[in-house]
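Spelled out from the first residue to the last, the chains are:
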Amino acid sequence: MNTKRTSRSIYENLTEKSHYKNIGGFLDTTSRATFYLMTFLVVIIIISELVFIKKIFQNKVSLFYIIFIAFNVCYFTTVFLISQTRKIKSDRLTLLLRVIEMVFISLIAIPITPYYWIIMYILVIFPVFISLFKWGVKIANYLIILAFSINFVINLIVQIFFSKYIEIVYNNLYILCISNLVIYIAIFSFVNLCKNVYVAIEEKDKENIELVNEVNEKYSLLEIAQKEIKMQYEKIKETNTELEDSNDKLTSSIAEFFTLQQITQGISSIFDINELLKFVNDVILGVMGVNYSTILTYDIKKQRLIVHTTNVVNKNELALLTDTVNCSILKQILLSNEPLLENFADEKEFPFISSRPVNSIICVPLFTKSQRYGLVLIEHTYTNAFDEDNVRFINTIGQQVSIAMENTQLYQKMTELATIDGLTQIYNRLYFQEKLKEEYAKAMQNNYDISVLIFDIDHFKRFNDTFGHIFGDEVLKTLAKIVKPSLRKDDVFARFGGEEFIILLPRTSLKNAYEKAEELRMTISKCLVKDNYVSASVTVSIGVSSFPETAQNEMSLLKTADNALYSAKEAGRNCVKVADSIS
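Residues numbered from 1 in each chain as written. Predicted model: local features only at pLDDT ≥ 70, side-chain atom pairs only at ≥ 80, totals over all residues. Heavy atoms only, no water.

A look at the pattern of salt bridges
- Here the structure, examined in full by the defined rule, presents 12 salt bridges.
- Here Arg495 makes a salt bridge to Asp421, at a shortest N to O gap of 3.3 Å. Residue Arg495 is found in strand β7 (residues 492–495), and its partner Asp421 is found in the loop between α11 (388–419) and α12 (429–446); the two are separated by 74 residues along the sequence. (Salt bridge = Lys/Arg side-chain N within 4 Å of Asp/Glu carboxyl O. Helix = DSSP H or I, 4+ residues; strand = E, 2+ residues; numbered from the N terminus.)

Details of unusual backbone geometry
- Residue Pro548 is reached from Phe547 by a cis peptide bond, and omega for that bond is 15°.
- With respect to the helices and strands, the residue Pro548 is situated in the loop between β11 (540–547) and α16 (554–570).
- In the Ramachandran plot, Arg573 falls in the positive-phi region, its phi being about 70° despite a non-glycine side chain.
- Structurally, Arg573 is set in the loop between α16 and β12 (576–578).

Quick look at the packing of helix α13 (residues 460–467) against helix α14 (residues 469–483)
- It is at 6 Å that the axes of α13 and α14 come closest, and there the two elements cross at 140°. With respect to their mutual orientation, α13 and α14 come out oblique. Touching Phe460, Phe463, Asn464 and Phe467 of α13 are His469, Phe471, Gly472, Val475 and Leu476, all from α14.
- Split into classes, the residues belonging to the contact of α13 with α14 amount to 6 nonpolar, 3 polar and no charged. (Axes fitted to C-alpha atoms, helices over the stretch in contact; angles between N-to-C directions. Parallel < 35°, antiparallel > 145°, perpendicular 65-115°, else oblique. Contact = heavy atoms within 4.5 Å. Nonpolar A, V, L, I, M, F, W, Y, C, P; charged D, E, K, R; others polar.)

With respect to α13
- Residues Phe460, Phe463 and Asn464 constitute the buried set of α13. The buried side chains of α13 occupy one side of the element, clustering within an arc of 95° when seen end-on. Opposite its buried face, α13 presents the exposed residues Lys461, Arg462, Asp465 and Thr466, each directed more than 90 degrees away.
- Each element contacted by the buried residues of α13 is listed here: β6 (450–457), α14 and β10 (534–537). (Buried < 20%, exposed > 50% of the residue type's maximum accessible area, 1.4 Å probe, protein only. Arc of directions from axis to C-beta.)

Describing α11
- The terminal C-alpha atoms of α11 lie 45 Å apart, and with 32 residues this matches the ideal 46 Å at 1.5 Å per residue to within 8%.
- Residue Asp387 occupies the N-cap position of α11, its side-chain oxygen lying 3.2 Å from the main-chain nitrogen of Asp389. (Expected span 1.5 Å × (residues − 1). Polar contact = N/O pair within 3.5 Å; in protein donor to acceptor, adjacent residues only side chain to side chain.)

Section: the nonpolar core
- Counting 29 residues, the largest nonpolar core has Leu453, Phe455, Ile457, Val483, Phe493 and Ile503 as the members making the most contacts within it.
- Those elements that provide at least two residues to this core are β6, α13, α14, β8 (500–506), α15 (510–525) and β11.
- Apart from residues lying up to four places away in sequence, Leu453 is in contact with Phe501, Ile502, Ile503, Leu505, Ala513, Lys516, Ala517, Leu520, Ile542, Gly543 and Val544.
- Membership of the second largest hydrophobic core comes to 27 residues, among which are Ile270, Leu277, Leu366 and Val391. (Core = buried A, V, L, I, M, F, W, Y, C linked by side-chain atoms within 4.5 Å.)

Considerations on the side chain of Asp458
- Turning to its location among the elements, Asp458 is positioned in the loop between β6 and α13.
- This buried residue, Asp458, is left without a salt bridge; Arg573 holds the nearest opposite charge, at 4.1 Å.
- Reaching out from Asp458, the side chain makes a polar contact with the side chain of Ser541 at a distance of 2.7 Å.
- A polar contact is formed between the side chain of Asp458 and the backbone nitrogen of Asn574, at a distance of 3.0 Å.
- Look past the residues within four positions of Asp458 in its chain and what remains in contact with it is Phe463, Thr539, Val540, Ser541, Arg573 and Asn574. (Lys, Arg positive; Asp, Glu negative; His and termini not counted.)

Examining the pairing of β10
- With 4 bridges joining them, strand β9 (residues 528–531) and β10 adopt antiparallel strand pairing. Directly across from Leu528, in β10, lies its bridge partner Ser537.
- In this structure, the hairpin formed by β9 and β10 is closed by a connection of 2 residues, where Asn532 is found at a positive phi of approximately 60°. (Pairing = 2+ DSSP bridges.)

Section: the pairing of β7
- Residue alternation in β7 divides its side chains into two sets, Val492 and Ala494 and Phe493 and Arg495, and both sets are buried.
- Pairing of β7 with β8 involves 4 bridges; the strand directions are antiparallel. Following the sheet pairing, Phe493 is matched in β8 by Ile503.
- The antiparallel pairing of β7 with β8 creates a hairpin that spans 4 residues between the two strands.

Some words on the packing of helix α8 (residues 273–288) against α11
- For the pair α8 and α11, the least separation of the axes is 10 Å and the interaxial angle reads 165°. In this view, α8 runs roughly antiparallel relative to α11, as classed from their interaxial angle. Seen from above, α8 lies across α11 with right-handed handedness. Within the contact between the two elements, α8 uses Ile273, Leu276, Leu277, Val280, Ile284, Val287 and Met288 and α11 uses Asn390, Phe393, Ile394, Ile397, Val401, Ala404, Met405, Thr408 and Gln409.
- Across the contact of α8 with α11, the residue classes break down as 13 nonpolar, 3 polar and no charged. (Left-handed = near helix turned anticlockwise from the far one by under 90°.)

Purely spatial values, then, with no claim about function.
Following this line, the structure appears as structure tokens:
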């Protein structure tokens, strides 16, 4: 930009120096100045001559001055026409008027007083110089010769014929001629000097014009180059802006990807839904920096939303949230599976925020193709706090959580299939053995008793042979239904073999285990198994063992309980036997 201003300054400076080449403009200004000055001088001459008219009338020679007044008027008209030739644009007419002007000047400037010759020479100089600049030194010299000749002739006539009537400047004709000649030679020399100066200026102007043209050409090239540079700069600037935007988006995407990766790793290792949802809620609060985050689960049977996990701790606010989450707008989100973004939340539309200063809300559904799991509800106290990127991010998290919840349910089902006996719906032998190891380790660490009850159905083969295997299966299921409700939460009830069952009783002594076994035996013996038209009573034989009274470890605990079971069978069945104490 500095180069551009410098080039423009040089161009304008050179153009200003070469303006004398524009002769038309120069002559236009000069002609008007000449017209005004000549008009002023002519008016002075006319006034002076009118003053003399009184004297002339007194001397009876008014005709002479009337002629000169007429000359003055003609001269005034000529000067006016000369000033208008810039409009006519005719060089020949202007030259003719200049010649007439020189004649009038010479006629007017008859030296009536000693000072009129000064006025004449002043008047002569202007047309001579204008002609010099307009047509050259040759025409100017012709005008000087013409003016000198007319002046000389007029002065000669005045000396000879009118010396009686007017005051003569010079009494000697020779002195008059010599003085006029000297003055006109001086004017002639000055004109030629001006001509040389003008030629030098004209050559300099040509050089300046060439330089101006060269600078102008370079300036044009420079302007083109600057425009190209500016275009390239704008393109680079635009590209840089796009790169910055892309970089910001990439940075944001990388951050989101990293967050999603961490969430995916976290939720993929959590198979408990409660822990999973608490983990996700904590991540949302940490990543989004929101005021409130709540995860709502959907109860399919009751068709209601339930507050599962939230950071709302105030009891009144939590109560209002719990009571009002089943509003129409949240149910609509759940049913449509479409996320919601609201940056100017109204408590009339969202009644669950009426007790809290919430203005911005994001709500995304948790769902898969097969099931709806609930909603993720994010709230902020600021207005216009969220955008579409936030919705997309939370929606992605919601999809991952939905898949994780589905996987958790599948995992729980697979776990049940792996640990639950399909017929009786109680634990199987494999699960029981794992729990026995865990409980034995805890008992060793915390120094408490654990007991085991092993029992089987008396004469079970007789049921199968008499009533069929279907009835036999019904006996097993009925026995499980009878025993299961009578056990504690921490007790483990499992099917150990065909018709053999086992119960693990943590924190239970041998005496208490025996009492529990007797209670179960009596309860079972009082029940009838019915299947269509068939009914039968069932009895069991039970063996009891306890650590550390009758067993030293978990393996001996099973072995001693099994030995006690065989003792009960040998004793006639439908009884309880306790393993022998460690000696």
